[in-house]
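As a plain string of letters, each chain reads:
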Amino acid sequence: MMKCDVVIIGAGPAGLTASIELASKGLQVVIVDENYRSGGRLLGQLYENRRKKQVWAGKIIAKELADKAKALGVKFLFDTSVWKIEDKKVFLSNEAVKVIAAKAILLATGAIEKALPIPGWQKVGVVTVGAAQTFTNLHNVKIGQNVIFIGIDPLSISVAIEMKHAGVNVKGLFLPPTTNLLNQKSNPKEVLESVASAAGMATNPIYRLGGKFVHGAYTKLLLQLLKYKQIKINGIPIYFRKAVTQINGRAEVQSVNVRSLKIDGEITGYEKTLLVDTVCLSGGLLPLIDLSQLANCVIIDIPELGGFVPLHNEHLKTTVEGIYVAGNITGIEGAQVAMAQGKLAARSILREFNLSSENEISVAFNEVEQARNLSPITFLPEIRKGRQIMRDKWEEYLKI
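Residues numbered from 1 in each chain as written. Predicted model: local features only at pLDDT ≥ 70, side-chain atom pairs only at ≥ 80, totals over all residues. Heavy atoms only, no water.

(A) Up close: helix H12 (residues 383–399). Between its terminal C-alpha atoms H12 stretches 25 Å, which fits the 24 Å expected from 17 residues at 1.5 Å a residue. Looking at H12, one finds that the buried residues are Ile383, Gly386, Arg387, Met390 and Trp394. Buried residues in H12, looked at end-on, bunch into an arc of 100 degrees, giving them a common side. (Helix = DSSP H or I, 4+ residues; strand = E, 2+ residues; numbered from the N terminus. Expected span 1.5 Å × (residues − 1). Buried < 20%, exposed > 50% of the residue type's maximum accessible area, 1.4 Å probe, protein only. Arc of directions from axis to C-beta.)

This is how it looks when you write it as structure tokens:
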């Protein structure tokens, strides 16, 4: 059995940042990750942060964080899954280390992609948007010659831009067909409002300005106009009034069927065929909460945060003593927010060891808010409402 002060599950931006903060105070820290290397989703991120007028290169940032953590003595266990958490013990699928006993546990497990099942999605040449991002930015691999995206959201727009910069012919972003499962992803009005935050990535200042006026009475008017003309961001067409209804090809992707949509998402008009060889599916992200369930943390459903999340206070402490959370397990946001949460969770843990003050925790909390304000992409339009709901739910829990 290995013993340490803190075990962190997840070597992404939140876990790495937390490990640096903890190890810098002299604590023994172990990071466990089922991947073969550290960085998580940070590895595939490469885009221009217009607010800071600089390029966000996730692969470089991940390496800097990992190098700093290793220099401080943080131990890494890669290719290792956690199958049980009990009494501050973490049980592992690792030949050398079966159990880690810690004084505190940080769950920084991130998010998983939602499935986007449409006819033909099992064919060779259909990938998730996360896989497309990883192939493009981490491995420098072009996954296709003529590519489309199904699912319009800030993540798919961001990855499409990244792929175009890498020389891929991105022919456009489309909605999926309307079904009971995909209704929200297929409604032009709801989708248009949800991606307004991504307008800041557009090179055309008119589109960036237009993103501010998407909500309310202007939405319907804009959607009427989009029936005849598509929006372009960085030269990539975004079709809010068209859906891909079928992916064609015997074994590999050869084409897709496209039909027009009414404002409410109802399919209309004639079917057209578009020749493509690759389809990227973007159904959104879900907080990865499996281990918090294993640890018997209270779980609540807050759609504004992305779905089911572990109940936690504003300093990222869960309902189980000694277990904390940080990053997308708390709600879907960007890497900058995850890193700030990693620091906040670390300082909350340090308080258990009498190594941090209330002022230091308050500073870290404010840094999370600042990161949220400056985030170049807002994945969920009502994230702040979700955070307030979480605070209210925590207060209710304390009264029980």
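(B) Structural context of the nonpolar core. Formed by 44 residues in total, the largest nonpolar core has its most connected members in Ile8, Leu22 and Leu106. Of all the secondary structure elements, the ones that give two or more residues to this core are strand S1 (2–9), helix H1 (13–23), strand S2 (29–32), helix H2 (58–71), strand S8 (99–107), helix H10 (335–352) and helix H11 (358–374). In terms of residue count, the dominant contributor to this core is H10 (10 residues). One finds Ile157, Val159, Ile238 and Leu261 within the second-largest nonpolar core, a separate group that totals 37 residues. (Core = buried A, V, L, I, M, F, W, Y, C linked by side-chain atoms within 4.5 Å.)

(C) Geometry of H10. Across its 18 residues, H10 extends 26 Å between first and last C-alpha, which sits within 8% of the 26 Å expected from 1.5 Å per residue. Taken across its 18 residues, H10 has 15 buried, putting it largely inside the fold. At the exit of H10 stands asparagine 354, carrying a positive phi of roughly 60 degrees.

(D) Fine view of the pattern of salt bridges. As enumerated under the stated definition, the model contains 13 salt bridges in all. Aspartate 67 is the partner of lysine 63 in a salt bridge, and the nearest nitrogen-oxygen pair spans 2.7 Å. Within this pair, lysine 63 and its partner aspartate 67 are both found in helix H2, separated by 4 residues, close to a single helical turn. Across the pair glutamate 321 and lysine 317 runs a salt bridge, and its minimum N-O distance is 3.6 Å. Overall, the relative accessible area of 24% leaves lysine 317 in the partly exposed class. Here the residues in one salt-bridge network are Glu333, Glu369, Arg372, Arg384 and Arg387, joined through shared partners. (Salt bridge = Lys/Arg side-chain N within 4 Å of Asp/Glu carboxyl O.)

(E) Broad picture of empty space enclosed by the protein. Scanning the entire structure with this criterion turns up 2 cavities of 30 Å³ or more. Lining the largest cavity we find 13 residues, and of these Glu314, Leu316, Phe365, Arg387 and Arg391 sit closest to its centre. When contributions to the lining of the largest cavity are tallied by element, the ones reaching two or more residues are H10, H11 and H12. Broken down by element, the lining of the largest cavity gets its largest block of residues, 4 residues, from H11. Split into classes, the residues belonging to the lining of the largest cavity amount to 5 nonpolar, 3 polar and 5 charged. (1 Å grid on protein atoms, 1.4 Å probe; cavity = no way out; pocket = protein on both sides within 12 Å on 5 of 7 lines; lining within 4 Å. Points joined across faces, edges and corners; volume = space filled by probe spheres on them. Nonpolar A, V, L, I, M, F, W, Y, C, P; charged D, E, K, R; others polar.)

(F) Focus on the side chain of serine 156. On the secondary structure map, serine 156 appears in helix H4 (residues 154–165). Take serine 156: its relative accessible area is 0%, and that puts it in the buried class. Residues contacting serine 156, with those up to four places away along its chain left out, are Val129, Phe149, Gly151, Leu173 and Ser282. (Contact = heavy atoms within 4.5 Å.)

(G) Structural view of the packing of aromatic side chains. A complete count under the given rule lists 4 aromatic pairs for this structure. Taking the centre distance of 5.4 Å and the plane angle of 20 degrees together, the rings of phenylalanine 76 and phenylalanine 78 count as stacked. Here phenylalanine 76 falls in the buried class, since its relative accessible area comes to 16%. Accessibility expressed as a relative area gives 24% for phenylalanine 78, which makes it partly exposed. Consider the rings of phenylalanine 174 and tyrosine 239, whose centres lie 4.6 Å apart with planes at 15 degrees: the pair is stacked. Of this pair, phenylalanine 174 sits in strand S12 (residues 169–175) while tyrosine 239 sits in strand S14 (residues 236–248), and the two are 65 residues apart along the sequence. Lying over the aromatic face of phenylalanine 76, lysine 70 brings its terminal NZ or CZ to 5.7 Å of the ring centre. Sitting above the plane of the phenylalanine 91 ring, lysine 84 keeps its charged end 5.0 Å from the centroid. (Phe/Tyr/Trp six-rings, centres within 6.5 Å; stacked < 30°, edge-to-face > 60°. Lys NZ or Arg CZ within 6 Å of the ring centre and 35° of its normal.)

(H) Main features of the environment of serine 357. Position of serine 357 relative to the elements: it lies in the loop between H10 and H11. Judged by its relative accessible area of 31%, serine 357 falls in the partly exposed class. Along the chain, serine 357 and arginine 347 lie 10 residues apart, while their C-alpha atoms are 8.2 Å from each other.

(I) Fine view of the side chain of threonine 136. With respect to the element layout, threonine 136 can be found in helix H3 (residues 129–138). Contact partners of threonine 136, with chain neighbours within four places excluded, come to Val141, Glu162, Met163 and Ala166.

(J) Looking closely at the pairing of S14. Most of S14 sits out of view: 10 of its 13 residues are buried. Here S12 runs beside S14; their pairing, made up of 2 bridges, is parallel. Within S14, the position partnered with leucine 175 by the bridge is alanine 243. Strand direction decides the pairing type here: strand S13 (residues 231–233) and S14, joined by 3 bridges, are antiparallel. Counted as the bridge partner of isoleucine 231 is isoleucine 238 from S14. Counting the residues in the hairpin turn of S13 and S14 gives 2 residues, including asparagine 234, whose phi is positive at 55 degrees. Relative to strand S15 (residues 255–261), S14 runs antiparallel, the two sharing 6 bridges. Along S15, the bridge assignment pairs alanine 243 with arginine 259. What sits between the antiparallel neighbours S14 and S15 is a turn of 6 residues, in which glycine 249 has the positive phi angle 135 degrees. (Pairing = 2+ DSSP bridges.)

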